[in-house]
Amino acid sequence: MKFILKLLLTAVLVILLSYILPGVSTDGFLTAVFVALALSILNFIVKPILVILTLPVTVLTLGIFLLFINAFIIMIADWLVDGFQVDNIWYALIFAFLLALARSLLFKTTESED
């Protein structure tokens, strides 16, 4: 149940960010759900491989390179999901930063005290 809630909240954030950023567009809420699902699958499978392969660069940049990995994953999601478009890597970087920031704030507030 938590996964579905996080997926839907991420889809809402994708829609909101597509309205804010001129270089990011999505066709509708169903497309945003598919983008959120693609991002979660890519973060589960591809991101750990990329983090390990780029560990020296990540250490040298004190972790800033992880933002570029997130932007690359967003570009892959752009390639995978029809109806979702990111114009270039700079919009992907801004989208990745804002999505990570919003998700961390939103998920911290929706987290239950167990």
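Data block above holds the structure.
These numbers come from a predicted model, not from an experiment. (Residues numbered from 1 in each chain as written. Predicted model: local features only at pLDDT ≥ 70, side-chain atom pairs only at ≥ 80, totals over all residues. Heavy atoms only, no water.)

Trainee: Any chance you could explain the packing of helix α4 (residues 65-80) against helix α5 (residues 89-110) here in plain terms?
Mentor: Packed helix pairs are specified by the crossing angle of their axes together with the interaxial distance, meaning the distance between the axes. Running from N to C, α4 and α5 cross one another at 110 degrees; their axes reach a closest spacing of 8 Å. Accordingly, the angle class assigned to the pair α4 and α5 is roughly perpendicular. The chirality of how α4 crosses α5 is right-handed. Within the contact between the two elements, α4 uses Leu67, Phe68, Asn70, Ala71, Ile74 and Met75 and α5 uses Ile89, Ala92, Leu93, Phe95, Ala96 and Phe97. (Axes fitted to C-alpha atoms, helices over the stretch in contact; angles between N-to-C directions. Helix = DSSP H or I, 4+ residues; strand = E, 2+ residues; numbered from the N terminus. Parallel < 35°, antiparallel > 145°, perpendicular 65-115°, else oblique. Left-handed = near helix turned anticlockwise from the far one by under 90°. Contact = heavy atoms within 4.5 Å.)

Trainee: Any chance you could explain the packing of aromatic side chains here in plain terms?
Mentor: Between two aromatic rings, the relevant description is the distance of the centres plus the angle of the planes. Within the structure shown, the criterion is met by two aromatic pairs. When the centroid spacing of 5.9 Å and the interplanar angle of 25 degrees are considered together, the rings of Phe65 and Phe68 count as stacked. Of this pair, Phe65 and Phe68 both sit in helix α4, three residues apart, roughly one helical turn. Phe65 gets classed as partly exposed once you look at its relative accessible area, which sits at 25%. Its relative accessible area of 36% is what places Phe68 among the partly exposed residues. Ring centres of Phe84 and Phe95 lie 5.9 Å apart, and the angle between their planes is 55 degrees; this geometry places the pair in the tilted category. Taken as a pair, Phe84 in strand β2 (residues 84-86) and Phe95 in helix α5 lie far apart in primary sequence, 11 residues in all. Both residues of the pair, Phe84 and Phe95, count as buried. (Phe/Tyr/Trp six-rings, centres within 6.5 Å; stacked < 30°, edge-to-face > 60°. Buried < 20%, exposed > 50% of the residue type's maximum accessible area, 1.4 Å probe, protein only.)

Trainee: Explain unusual backbone geometry to me, please; I cannot follow it from the model alone.
Mentor: What is expected of a backbone is that most residues other than glycine have negative phi and most peptide bonds are trans. Even without a glycine there, the phi angle at Leu62 is positive, about 60 degrees. The topology assignment puts Leu62 in the loop between α3 (55-60) and α4.

Trainee: I keep staring at helix α1 (residues 2-20) and nothing clicks. Help me out?
Mentor: Along an α-helix, residues three or four apart share an orientation, since each turn contains 3.6 residues. The terminal C-alpha atoms of α1 lie 27 Å apart, and with 19 residues this matches the ideal 27 Å at 1.5 Å per residue to within 8%. Looking only at α1, the buried set comprises Leu7, Thr10, Ala11, Leu13, Val14, Ile15, Leu17 and Ser18. Contacts made by the buried residues of α1 are with β1 (24-26), α2 (29-53), β2 and α5. (Expected span 1.5 Å × (residues − 1).)

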